[in-house]
Amino acid sequence: MQTMPEVLDAKQEPKARFSLLFFVGLILFSMVALGAILAGFTNIPWKQATQRYSAVFDEGVVVPEVKENPFSFRVMSFNVRRNFDSDGVNKWSRRTSLVKSLFDKEKPDIIGMQEVLGPQMGDLMRMLPEYNPVGVGREDGKTKDEFVPVFYRADKFNAKKTGFFWLSESPEVPGTIYPGAGCTRVTSWALLEPVEGGSQGVDILFLSTHLDHVSFAARSKGAMVIRLKVRDILSKYAAKDRGTAVILVGDFNAEPEEPALDIFLNDMYEIGKPVMQDSRLSALMAPEGRKIGTFPSWNSMTNGKIIDYVLYTPTPFKCIKVGREIAMTATRPQSREDKECLRYILSRGSPLNLTADTYRVTIDEKTRSNPTQPSDHRPVVVDFRIERPRPRALSRA
């Protein structure tokens, strides 16, 4: 026999169940209604509306994740060897078809070349009709003697500014030479903006150079001139609302342990990171290895020295001096440069990264045993990627 309280509980059970279901239904209806209101006010789908609503927190800002395809491009550095009749089977007229085949195979987006004489420049322009050239002869700033040209794909980049400077005590004066150098040296540069705007807000300052082959001092001084001129170019021409990554390629006539390399790769701003990185060492992948020589001097069956390089800045160069702000510490920016850099970063949600994905020294096994080679140098090819890392909360300083 049931007691009175048990009888009452049994009678109230259906009512309690109904009340619970009603309460749950009310909650679900309210959530759907709230989503509809948000979607209506913002004129965006429900899923995006809830993402936007949940993207703002009291202690900082979280930018909704931007899933954009990274901007990828391929760079080549290639000393094509000037035309010497004394090269015999390797004189230029015997090599042009091999050089063209190499370009066709690798399909670089930007090329920096060295030791290009005027007639060779014409041949290269005919080989590469889809590229725009930037270069002058080193002796007169026009057509006399060697060029160190930049070629860039016209369908992928626009040149915002181009120019040249000489590795001397008077960099703006054509034909000048540093005391003790073996010959006149020039550097060509192009400030490039991707055509389709897919570069994640970063322009590219691309430079092609050829350091001296005789003097250690001239190589080091030339490197210092390049470093100073890069800062000058960025100060004058780099956009204030975009990052500008720097890529420097060329024949440095210096092996990795030489001081000339250290001028580019040291931590001159004392921010705990080098100004530039050597793609040979920092690339994520190097399928053929990182110790392949770039200068076999026509003997393709030997390894040779490493003297050709592709260097780059792994973060937008305009912010490299304030690496502590790039790391998003709580330190308040003090200088005008710090504030500009931090404002740039905040306006984008996060810094933009330039990554070297793959480093290769090109060796064609099909022609390796041939008496005629494309050049006495091997091309260096690097695949780069510019992307925006996943956004994260930015703490208020």
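Residues numbered from 1 in each chain as written. Predicted model: local features only at pLDDT ≥ 70, side-chain atom pairs only at ≥ 80, totals over all residues. Heavy atoms only, no water.

### Considerations on the side chain of Thr 313
Moving on, step 1. Following the sequence through the fold, Thr 313 ends up in the loop between β12 (308–312) and α8 (323–326).
Moving on, step 2. Judged by its relative accessible area of 0%, Thr 313 falls in the buried class.
Moving on, step 3. Within polar-contact distance, the side chain of Thr 313 engages the backbone nitrogen of Val 246 at 3.0 Å.
Moving on, step 4. Apart from the residues lying within four places of it in its own chain, the contact partners of Thr 313 are Ala 245, Val 246, Val 275, Met 276 and Leu 354. (Helix = DSSP H or I, 4+ residues; strand = E, 2+ residues; numbered from the N terminus. Buried < 20%, exposed > 50% of the residue type's maximum accessible area, 1.4 Å probe, protein only. Polar contact = N/O pair within 3.5 Å; in protein donor to acceptor, adjacent residues only side chain to side chain. Contact = heavy atoms within 4.5 Å.)

### Section: unusual backbone geometry
Moving on, step 1. The backbone phi angle of Arg 81 is positive, close to 70 degrees, even though this residue is not glycine.
Moving on, step 2. Looking at the secondary structure, you find Arg 81 in the loop between β3 (71–79) and α3 (92–106).
Moving on, step 3. The phi dihedral of Asp 145 is positive, around 70 degrees, even though this residue is not glycine.
Moving on, step 4. One can find Asp 145 in the loop between β5 (131–134) and β6 (150–153).

### A word on the environment of Ala 286
Moving on, step 1. Within the secondary structure, Ala 286 sits in the loop between α7 (279–282) and β12.
Moving on, step 2. Given a relative accessible area of 18%, Ala 286 falls into the buried group.
Moving on, step 3. Placed 73 residues apart in sequence, Ala 286 and Tyr 359 show a C-alpha to C-alpha distance of 4.9 Å.

### Remarks on the side chain of Asn 253
Moving on, step 1. Locating Asn 253 in the fold gives a position in the loop between β10 (243–251) and α6 (259–265).
Moving on, step 2. Sequence-distant contacts of Asn 253, defined by excluding residues within four places in its chain, comprise Arg 185, His 210, Leu 211, Asp 212, His 213, Arg 219, Glu 258 and Ile 307.

### Overview of the pairing of β6
Moving on, step 1. Burial of the side chains of β6 extends over both faces: Val 150 and Tyr 152 are buried on one face and Phe 151 and Arg 153 on the other.
Moving on, step 2. Where strand β4 (residues 110–114) and β6 come together, 3 bridges link them in antiparallel fashion. Note that in β6 the partner of Ile 110 across the bridge is Tyr 152.
Moving on, step 3. Both β5 and β6 contribute to a ladder of 4 bridges, which runs antiparallel. Across the sheet, Pro 133 pairs through a bridge with Phe 151, a residue of β6. (Pairing = 2+ DSSP bridges.)

### Some words on the sheet that holds β6
Picture the strands of a sheet paired through backbone hydrogen bonds; they go either parallel or antiparallel.
Moving on, step 1. The 6 strands lie next to each other as β5-β6-β4-β3-β14-β13, forming an open sheet whose pairing is mixed. The open sheet is flanked by β5 and β13 (353–361), the only strands paired with a single partner. Neighbour to neighbour, the strand axes of the sheet diverge by 20 degrees on average, direction disregarded.
Moving on, step 2. Examined bridge by bridge, β3 and strand β14 (residues 380–387) share 7 bridges and lie antiparallel to one another. Residue Ser 72 lies in a different strand from β14, and its bridge partner there is Arg 385.
Moving on, step 3. The strands that α3 touches are β3, β4, β13 and β14; relative to β3, the one it contacts most, it runs at about 165 degrees.
Moving on, step 4. Against the sheet, helix α4 (residues 118–127) contacts β4, β5 and β6, and its axis sits at roughly 10 degrees relative to β6. (Axes fitted to C-alpha atoms, helices over the stretch in contact; angles between N-to-C directions.)

### With respect to α4
In an α-helix there are 3.6 residues to a turn, and that puts residues three or four apart on one side.
Moving on, step 1. Listed in full, the buried residues belonging to α4 are Gln 120, Met 121, Leu 124 and Met 127. The arc that holds every buried residue of α4, seen down its axis, measures 120 degrees, which confines them to one face. With respect to the buried face of α4, the exposed residues turned more than 90 degrees away are Pro 119 and Arg 126. (Arc of directions from axis to C-beta.)

### Section: the packing of α3 against α4
Moving on, step 1. Packing of α3 against α4 leaves a shortest axis separation of 11 Å and a crossing angle of 35 degrees. Of the two elements, α3 crosses α4, and the hand of that crossing is right-handed. Contacts from Trp 92, Arg 95, Thr 96, Val 99, Lys 100 and Phe 103 in α3 reach Gln 120, Asp 123, Leu 124 and Met 127 in α4.
Moving on, step 2. Residues that form the contact of α3 with α4 fall into these classes: 5 nonpolar, 2 polar and 3 charged. (Left-handed = near helix turned anticlockwise from the far one by under 90°. Nonpolar A, V, L, I, M, F, W, Y, C, P; charged D, E, K, R; others polar.)

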